[in-house]
Amino acid sequence: MRDLKFKKFSQSLTVLMHLAFWAFFLSLPFLLRSPQNPPGTPRVKVPDEVIILLNMLTIPLFYVNANIFIPRVLKRQGVWFYVAYILLSMTAVLSINLSLRNYVFFPELPSARITIYTLFPVFFILAVSTTYRLLSDYLADEQQRKELENEQLKSELSFLRSQISPHFMFNVLNSIVSLSRKKSDMVEPVVIQLSDLMRYMLYESNGTRVSLEKEIKYLNNYIDLQRIRFGNDVKINFEADNRLSHQPIEPMLLIPFVENAFKHGVGIISDPVIDIMLQAQGKTLIFKVRNKVNRRFKEVKDSSSGIGLPNVQRRLSLLYPESHELTISETGEWYEVQLSLHFNGDHPLKDRSLTEAING
């Protein structure tokens, strides 16, 4: 509905602009006319209605050139055919004007003067018409290129989001399998909690943005599942600052860092620790995740390794191109990731049309 209203408004504005241009063009002879005839000019005064009529004959030439000659002749048949059509059109307009002089208006009006009154407006209108059409085509091509680029970005983002789901399911199902092997009574509540997470993934993450509060709740549920899975074997610390809780954020943007910590921060590690912290500094969100690593043993990665971090790095470059900082460091026995998101508004996208395109 909004696009339809905008289209109608744009069409109305275009019509008004055309009317304003023609009103200005037809009034030019009166605006530029000198109060007295210069010495040596013919005594015959050209009536105002004659000047208006001669200029009005160029109006069809404007639209014929813009809508027929340029798109169908110049762009399809080449410059020489276009020049030929323009010369024929100018000859036709000049012939009509001379005929009007002989049979309608004053025969004593010199042909040379009629020619001048004809050719100058014709050249002017052809120049304006050509510029108008070429500029319109350029803007239309730019709009089409932009829409195509947005569609490609939309497809890429959808693909990146779809990659998260199998990776997430793989990790959480491992938790449930581990509990079922222990014959734990926690299997049923864990499955219920998993259904809540799946509901978030399937419905909430379809939007372009969710509130940071929902993303924190999602992280909390995921961490609770891991606490149930590992029990006291892994020390898990999670702190979240709620001062930016209503700030919109890309859904499932933070979870890959947490998944990566649990994937590589447990196992053959002495006293494994995973620290997760969300901080708010003004309009900047600082997200830190760190985990212990074992330098003595080389980790054997499975086929699903490497999906999370490259995925989220690509999403950050698409959605927060100039408003994020990501640092990954390894010092001693610690592997640390820090992400800073700078929020200048509700939607920190560079291009608003991309947001609308993703929304569908």
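All figures in this text were calculated on a predicted structure; none of them were measured in a lab.

A. Summary view of the sheet that holds strand β6 (residues 324-331). The mixed open sheet is built from five strands, whose spatial order is β2-β4-β5-β7-β6. Edge positions in the sheet fall to β2 (235-240) and β6, since each has one partner strand and no second. The mean angle between the axes of side-by-side strands here comes to 10°, regardless of whether they run parallel or antiparallel. By the bridge criterion, nine bridges tie strand β5 (residues 284-292) to strand β7 (residues 334-342) in an arrangement that is antiparallel. Across the sheet, V289 pairs through a bridge with V337, a residue of β7. On the sheet, helix α7 (residues 212-230) packs against β2, β4 (273-281) and β5 and is oriented at approximately 170° with respect to β2.

B. Up close: the packing of aromatic side chains. Counted according to the given criterion, the structure contains nine aromatic pairs. Measuring from centroid to centroid gives 5.0 Å for F21 and W22, while their planes differ by 65°, and the two rings are edge-to-face. Among the residues examined, F21 registers a relative accessible area of 23% and is labelled partly exposed. A centroid spacing of 4.9 Å and a plane angle of 70° characterise the contact between F62 and Y63, whose relative ring orientation is edge-to-face. Overall, the relative accessible area of 3% leaves F62 in the buried class.

C. Structural context of the pattern of salt bridges. The final tally for this structure, using the stated rule, is eight salt bridges. A salt bridge links R243 to D241, with the shortest nitrogen-to-oxygen separation between them at 2.7 Å. D241 gets classed as buried once you look at its relative accessible area, which sits at 18%. Across the salt bridge formed by E333 and K292, the nearest N and O atoms sit 3.9 Å from each other. Taken together, the residues span a long stretch of sequence, with E333 in the loop between β6 and β7 and K292 in strand β5 at a distance of 41 residues. Looking at K292, the relative accessible area reads 13%, which means it is buried. Salt bridges sharing partners connect three or more residues here, namely K75, R133 and D137.

The rules behind each value
- Residues numbered from 1 in each chain as written.
- Predicted model: local features only at pLDDT ≥ 70, side-chain atom pairs only at ≥ 80, totals over all residues.
- Heavy atoms only, no water.
- Pairing = 2+ DSSP bridges.
- Helix = DSSP H or I, 4+ residues; strand = E, 2+ residues; numbered from the N terminus.
- Axes fitted to C-alpha atoms, helices over the stretch in contact; angles between N-to-C directions.
- Contact = heavy atoms within 4.5 Å.
- Phe/Tyr/Trp six-rings, centres within 6.5 Å; stacked < 30°, edge-to-face > 60°.
- Buried < 20%, exposed > 50% of the residue type's maximum accessible area, 1.4 Å probe, protein only.
- Salt bridge = Lys/Arg side-chain N within 4 Å of Asp/Glu carboxyl O.

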